[in-house]
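Inside the fold
So you can see what is in the structure, the chains are spelled out below.
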Amino acid sequence: MKYCIFAGTFNPVHNAHIEMAKKVLSEFDFDKIIFIPAFIQPLKDKNSCKNTALDRLNMLKSALKNHPDFEINTIEYDKKDISYTYNTILELYKTIPDIEGKIN
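A brief report on the enclosed structure follows. (Residues numbered from 1 in each chain as written. Predicted model: local features only at pLDDT ≥ 70, side-chain atom pairs only at ≥ 80, totals over all residues. Heavy atoms only, no water.)

With that out of the way, let us pick up the nonpolar core. By size, the foremost hydrophobic cluster in this structure holds 13 residues, and its most contacted members are I33, F35 and F70. The set of elements that each furnish at least two residues to this core consists of β1 (3-8), α1 (15-27), β2 (32-37) and α2 (53-64). In terms of residue count, the dominant contributor to this core is α1 (three residues). Core analysis: the second largest hydrophobic core is formed by 10 residues, Y3, L92, I96 and I103 among them. (Core = buried A, V, L, I, M, F, W, Y, C linked by side-chain atoms within 4.5 Å. Buried < 20%, exposed > 50% of the residue type's maximum accessible area, 1.4 Å probe, protein only. Helix = DSSP H or I, 4+ residues; strand = E, 2+ residues; numbered from the N terminus.)

Structure below.
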């Protein structure tokens, strides 16, 4: 399968996130868009986040419930620490067996 990763804090998730993901899905012929909410975003002050990681995850679940081509992967949330994209991508290759080519 061809996957596209959409990672971020999603603080909060909003219509522009959803519309961008729809556009990328159709324009680049991906099978799935995988949203990865950060537990702690490494490039932002941790106190600048108005919502808790759990709140952001729940908002994302609610926003994506009617989009079958979108899924949530909690790999960064589950770490309960700062995550870096490079390490996340390496872990995704280990945990998603049907990745076709590179993750975008």
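Back to the text.
Bringing the sheet that holds β2 into the picture now. Taking strand neighbours across the sheet as the criterion, the three strands line up as β1-β2-β3 in an open arrangement whose pairing is parallel. Each edge of the sheet is formed by a strand with only one pairing partner; in this case those strands are β1 and β3 (70-72). Strand-to-strand twist in this sheet, taken as the mean axis angle between neighbours without regard to direction, amounts to 25°. Those strands touched by α2 are β2 and β3, and its axis lies near 160° from that of β3. (Pairing = 2+ DSSP bridges. Axes fitted to C-alpha atoms, helices over the stretch in contact; angles between N-to-C directions. Contact = heavy atoms within 4.5 Å.)

Here the focus is the pattern of salt bridges. Opposite charge on two side chains permits them to pair, given that their charged atoms come into close proximity. Tallied over the full model, the rule gives four salt bridges. Here E19 ties to K22 by a salt bridge, and the two come within 3.2 Å at their closest N and O atoms. Pair noted here: E19 and K22 are both in helix α1, with a separation of three residues, about one helical turn. The partly exposed category is assigned to E19, whose relative accessible area is 45%. Looking at K22, the relative accessible area reads 36%, which means it is partly exposed. The salt bridge partner of E27 is K23, with a shortest N-O separation of 3.3 Å. With E27 and K23 both in helix α1 and four residues apart, the pair spans about one turn of that helix. (Salt bridge = Lys/Arg side-chain N within 4 Å of Asp/Glu carboxyl O.)

Limitation: the analysis is restricted to geometry and does not speak to function.
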